[in-house]
Amino acid sequence: PLLEQRQQLGGEDLLGEDRVFAAAQGDAETAQDASGDATVQVAAGELLERPGHHPACSAGVDDAVLHPPAELFAAAVEADRERPLTANLVALAILSSGRAANFNMRAAFLEVLNDALGSVGVMVAAVVIATTGCQRADTIAGLFIAALILPRALRLFGETVRVLMEFTPKDVDLDEVRRHIMELDHVRDVHDLHASMIGTGLPVISAHVVIDDGCFESGHAPQILEQIRDCVKEHFPVSFDHATIQLETAALRDQEAAAAGHA
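Residues numbered from 1 in each chain as written. Predicted model: local features only at pLDDT ≥ 70, side-chain atom pairs only at ≥ 80, totals over all residues. Heavy atoms only, no water.

## Side note on a positive patch on the surface
On the surface, a cluster of positive charge is made up of R99, R152, R155 and K170. Within the secondary structure, R152 is located in helix 6 (residues 137-164). (Patch = residues over 30% accessible without salt bridge, like charges linked within 9 Å, V, L, I, M, F, W, Y side chains within 5 Å. Areas by Shrake-Rupley, 256 points an atom, 1.4 Å probe, with all protein chains shown as cover. Salt bridge = Lys/Arg side-chain N within 4 Å of Asp/Glu carboxyl O. Lys, Arg positive; Asp, Glu negative; His and termini not counted. Charge placed at Lys NZ, Arg CZ, Asp CG, Glu CD. Helix = DSSP H or I, 4+ residues; strand = E, 2+ residues; numbered from the N terminus.)

Okay, here's the thing in C-alpha cells:
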C-alpha cells in the first residue's frame, strides 16, 4: 500500500535524488530502485530520509507514527545513560544518613539529588511529549526540579556565609549570655564576649570575665571557671562545648581598656 501511494503521488523512486520521507504503517515492505540494484527495508514506524524532499510525500502520515512513544522513551533513556538513576539512588541512600554532618556532605547530597531528579525528569518529559505532544513538558520538568533544589541550595549558601563571616549563631543573644554569667557569684564584669560558628555543629564562644581579687588568692578561680563553662553549655539554645574564658582582675581590665584607648 505504501508503494502504491508513493506511485500515485508522482512515481518518484524511493532511492532517487529527491528527499523522501516514508513511514510504513503495516508490515515491513521492500522497495527497489529502477535498476534493481538496491533495496530498502521500510519497517513499521521507521523514518527514511533522502535528498530533495517533496512535501506531498509525507501527506497523511500520522504524527504518532513519525514520533513513536517507544522510540522517544528509548532516546531519553539513552541520553541519560551517563548518569544512571540507579546509581544516583544508591548514592542518595548512602549520603542521606550523614548529610547533617557538615556542609560538604549536604552539598554532595544536593548534587546527587539534583542529578537523580534530572534523570526522572528526562523520562517523564519524554513520556508526556510522546503521549500528549506537549513540547514544553521538558521545560516544565526543569523548572520544577529547580524549584525543589534552589531553596535548599540558597539555605546552604547562607549558612556557609555565616560561618565564613563568623556571625553569631542563630537564637543566641549575647546580652542574655552576659547576663547569665554576671549572675554567678564573684563575677563582676564580662567584656570582649564573642560567639560564632566555625563549622556545622561547632559553635565557639570566648569572653573576658572579671572576678574578685580574692578568688585568685583563695584558689576559688578554677571553680568559677567551671561554673561559667557549664552556664554557656546548658542555658542557651546553642550548646557551647568549646568555650575560651579568660579570668582577670579589675585592675587588669582597666589596664587593657587604657591600652586600647591609647592605641
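Now, onward.
## Concerning the sheet that holds strand 5 (residues 242-248)
With mixed pairing, the 3 strands of this open sheet are ordered in space as 3-4-5. The open sheet has two edge strands with one neighbour each: strand 3 (187-197) and strand 5. Across this sheet, the average inter-strand angle for adjacent strands is 15°, counted without regard to direction. As paired strands, strand 4 (residues 203-211) and strand 5 are joined by 7 bridges and run parallel to one another. If you follow I205 over to strand 5, its bridge partner there is A243. Strands strand 3, strand 4 and strand 5 of the sheet are contacted by helix 9 (residues 221-234), whose axis makes an angle of about 145° with strand 5. (Pairing = 2+ DSSP bridges. Axes fitted to C-alpha atoms, helices over the stretch in contact; angles between N-to-C directions. Contact = heavy atoms within 4.5 Å.)

## Quick look at the environment of P203
Residue placement: P203 occurs in strand 4. A sequence separation of 38 residues divides P203 from D241, and the C-alpha atoms of the two residues are 7.5 Å apart.

## Side note on the packing of helix 4 (residues 85-96) against helix 5 (residues 103-132)
The relative placement of two packed helices is expressed as an angle between their axes plus a distance between the axes. Two elements in contact, helix 4 and helix 5, have axes separated by 9 Å at closest approach and are oriented at 150°. The angle between helix 4 and helix 5 places the two elements in the roughly antiparallel class. As helix 4 runs across helix 5, the sense of the crossing is left-handed. On helix 5, the residues touching L85, N88, A91, L92, L95 and S96 of helix 4 are M105, A108, F109, V112, L113, D115, A116, S119, V120 and M123. By residue class, the composition of the contact of helix 4 with helix 5 is 12 nonpolar, 3 polar and 1 charged. (Parallel < 35°, antiparallel > 145°, perpendicular 65-115°, else oblique. Left-handed = near helix turned anticlockwise from the far one by under 90°. Nonpolar A, V, L, I, M, F, W, Y, C, P; charged D, E, K, R; others polar.)

## Topic: the side chain of H208
Relative to the helices and strands, H208 resides in strand 4. Looking at H208, its side chain comes within polar contact range of the side chain of E248, at 3.5 Å. Once you skip the residues sitting within four places of it in the chain, H208 turns out to touch D189, V190, H191, D192, Q246, E248 and E256. (Polar contact = N/O pair within 3.5 Å; in protein donor to acceptor, adjacent residues only side chain to side chain.)

## Details of the packing of helix 5 against helix 6
At their nearest, the axes of helix 5 and helix 6 sit 8 Å apart, and the two run at 175° to each other. In this view, helix 5 runs roughly antiparallel relative to helix 6, as classed from their interaxial angle. The residues of helix 6 that touch helix 5, namely those facing F103, R106, A107, L110, L113, N114, L117, G118, G121, A125, V128 and I129, are A137, D138, A141, I145, L148, I149, R152, A153, L156, E159, T160 and V163. Partitioned by chemical class, the residues of the contact of helix 5 with helix 6 number 16 nonpolar, 4 polar and 4 charged.

## Some words on the nonpolar core
Across soluble globular proteins, nonpolar side chains show a tendency to be buried alongside one another. V177, I181, I205, V209, I211 and V232 are the most contacted members of the largest nonpolar core, which has 23 residues in total. Of all the secondary-structure elements, those providing two or more residues to this core are helix 7 (174-182), strand 3, strand 4, helix 9 and strand 5. Top element by residues in this core is helix 9. It accounts for 5 residues. Apart from the residues within four sequence positions on either side, I205 is in contact with V177, L193, H194, A195, V232, F240, H242, A243 and T244. (Core = buried A, V, L, I, M, F, W, Y, C linked by side-chain atoms within 4.5 Å. Buried < 20%, exposed > 50% of the residue type's maximum accessible area, 1.4 Å probe, protein only.)

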